[in-house]
Amino acid sequence: MTIPLSFRAAGATDLGTVRTNNEDAALLSERLVALADGMGGHAAGEVASAVVVDRLTTLVAPAAGDPAGPADEDGTSDAGALTREALTDALTRAKGELRALSAVDPSMTGMGTTLVALALTPEGVVLAHVGDSRLYRLRDGDLEQLTVDHTHVQRLVDAGRLAPEAVREHPFRSVILRSLDDTSDDLPDVSVTDAVAAGDRLLLCSDGLSDYVTDDAILGALAEGSPQEAADRLVALALDHATRDNVTVVVVDAATGGADDAGDAEPDAEVGGVDEPGEVGEPDPSVAGDGATATPLRLLGATLATADLGPEAREVLDAYDSDAVDAAPSVEESDVEAEPDEDEAAVDPGTGGVETEDADEASAASAMVPDAAPGTSSRATGLWLGLVVLTFLLTTGVVWLTQS
Ligand code: CA
């Protein structure tokens, strides 16, 4: 059974005003859209996001060089195998790839990526999410954030210790509590959601947008025109706000109709990224199903073709592609039951929310920083973070002493 929805997706990406490489990666197709924001030292961030997006791409595209094309032995296409379980398996496998890569190249140790992805499956619309990349929904003129960031500042907000409007100015706003990485057991939350229906316009974005542009401004830019026009406008808006981070957006209109009758939806052929060398956006008609006007498969930002991978790393990925390596043998497949790290014990994996009683600000900060520091090394130097943490802890201690 195919649910009667298809995606009309468009996207745009930009390096931002400071960066010289793009660690964001995105996948656009008619049944699966995904956005990953990589982090790690050197070029490891773009490797992490590219590995995950590449792994997800296999769910909707035939393997390169596969003469059989998308059809499997049973006559179904690879695209037909897009299920919640397949999505979870792909993410588990991607994590195994990250671990294998950092095992052969220690400079990649600590790399990871956020992920937000939406898939149209026989079970319904499936949402996968980890980190601070976001999914927004525009419905009837109202913008709603459907994901809850796995961040330190979100924990503070949930605990009532930080006003939501103060998040953008917080020095720890980029500190992520969970990601898809090579070291933790974390996997994205993967769940069927009823929050997406025909007629909705959806936005997937990296924090290069949401850290710099208010929800009101996002709403204004998202609401008008085609998905591509909205995507271009959102990236331009982030640049207007001098985003220092890579900024990537995917705008999706959820339309009635399955893959075979995506119908009158006009595809957005233009990719709106500005000066983005990582784009490999040639539409691949072989993955567009029978509907000639369906959203073609397209990648934005970092890709395995553009990521800085040495020959050993290439061999590792090839080994995964040939099934010669077990996929992430040490990772539990269950996306929500993964054993939490000590610093994440208060996080409700189902919602990303926290137990507010236990979300002690200082202990959260002190427990979080050692794990989070490697993953944020591309966003701030360890020295800078260390100084900020020290100042923060001292300040918090003084406040506590004063209060008690
Ligand atoms: Ca980012």
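Use the structure listed above.
The rules we used
Residues numbered from 1 in each chain as written. Predicted model: local features only at pLDDT ≥ 70, side-chain atom pairs only at ≥ 80, totals over all residues. Heavy atoms only, no water. Pairing = 2+ DSSP bridges. Helix = DSSP H or I, 4+ residues; strand = E, 2+ residues; numbered from the N terminus. Axes fitted to C-alpha atoms, helices over the stretch in contact; angles between N-to-C directions. Donors = N, O, S within 2.8 Å, 3.2 Å for Na, K, Ca; no water. Buried < 20%, exposed > 50% of the residue type's maximum accessible area, 1.4 Å probe, protein only. Contact = heavy atoms within 4.5 Å. Core = buried A, V, L, I, M, F, W, Y, C linked by side-chain atoms within 4.5 Å. Left-handed = near helix turned anticlockwise from the far one by under 90°. Nonpolar A, V, L, I, M, F, W, Y, C, P; charged D, E, K, R; others polar.

Student: Pulling in residues and values, what's your account of the sheet that holds strand 7 (residues 134–139)?
Tutor: In any sheet, the strands associate via hydrogen bonds between backbone groups, in a parallel or an antiparallel arrangement. As summarised here, the arrangement of the five strands in space is 1-12-11-7-8, forming an open sheet in which the pairing is antiparallel. Sheet topology places strand 1 (5–14) and strand 8 (142–145) at the edges, where each strand pairs with a single neighbour. Across the sheet, the mean angle from the axis of one strand to that of its neighbour is 20°, orientation sign disregarded. As paired strands, strand 11 (residues 201–205) and strand 12 (residues 247–256) are joined by five bridges and run antiparallel to one another.

Student: Please set out the coordination of the calcium ion residue by residue, giving values where relevant.
Tutor: Taken together, Asp-37 (OD), Asp-37 (OD), Asp-207 (OD) and Asp-245 (OD) make up the protein donors of the calcium ion, found 2.2 to 3.0 Å from the metal. Binding-site remark: the calcium ion is held by donors from one chain whose sequence spacing is D-x169-D-x37-D. Note that Asp-37 is positioned in strand 3 (residues 32–39) and Asp-245 in the loop between helix 6 (227–240) and strand 12, a separation of 208 residues in sequence. Each member of the pair, Asp-37 together with Asp-245, is buried.

Student: Before we move on, could you go through the side chain of Ser-179 and cite the residues and values that matter?
Tutor: Relative to the helices and strands, Ser-179 resides in the loop between helix 3 (152–158) and strand 9 (180–181). With a relative accessible area of 9%, Ser-179 lands in the buried category. With residues up to four places along the chain from it excluded, the contact list for Ser-179 reads Met-39, Lys-95, Thr-113, Val-130, Ser-184 and Asp-186.

Student: Summarise the nonpolar core; cite the residues concerned and give the values.
Tutor: One finds Leu-32, Leu-56, Leu-87, Leu-91, Leu-101, Leu-115 and Leu-309 to be the most contacted residues of the largest nonpolar core, which totals 46 residues. Among the secondary structure elements, those contributing two or more residues to this core are strand 2 (24–28), strand 3, helix 1 (44–57), helix 2 (84–104), strand 5 (115–121), strand 6 (124–130) and helix 7 (311–321). Setting aside its immediate chain neighbours within four residues, Leu-32 contacts Phe-7, Leu-27, Leu-56, Leu-59, Val-60, Leu-82, Leu-87, Leu-118 and Ala-119.

Student: Before we move on, could you go through the packing of helix 1 against helix 2 and cite the residues and values that matter?
Tutor: Running from amino to carboxyl end, helix 1 crosses helix 2 at an angle of 145°, the nearest separation of the two axes being 9 Å. As for how helix 1 packs across helix 2, the hand of that crossing is right-handed. Listed contacts from helix 2 to Val-47, Ala-48, Val-51, Val-52, Arg-55 and Leu-56 of helix 1 are Leu-87, Ala-90, Leu-91, Arg-93, Ala-94, Glu-97, Leu-98 and Leu-101. Grouping the amino acids of the contact of helix 1 with helix 2 by side-chain chemistry returns 11 nonpolar, no polar and three charged.

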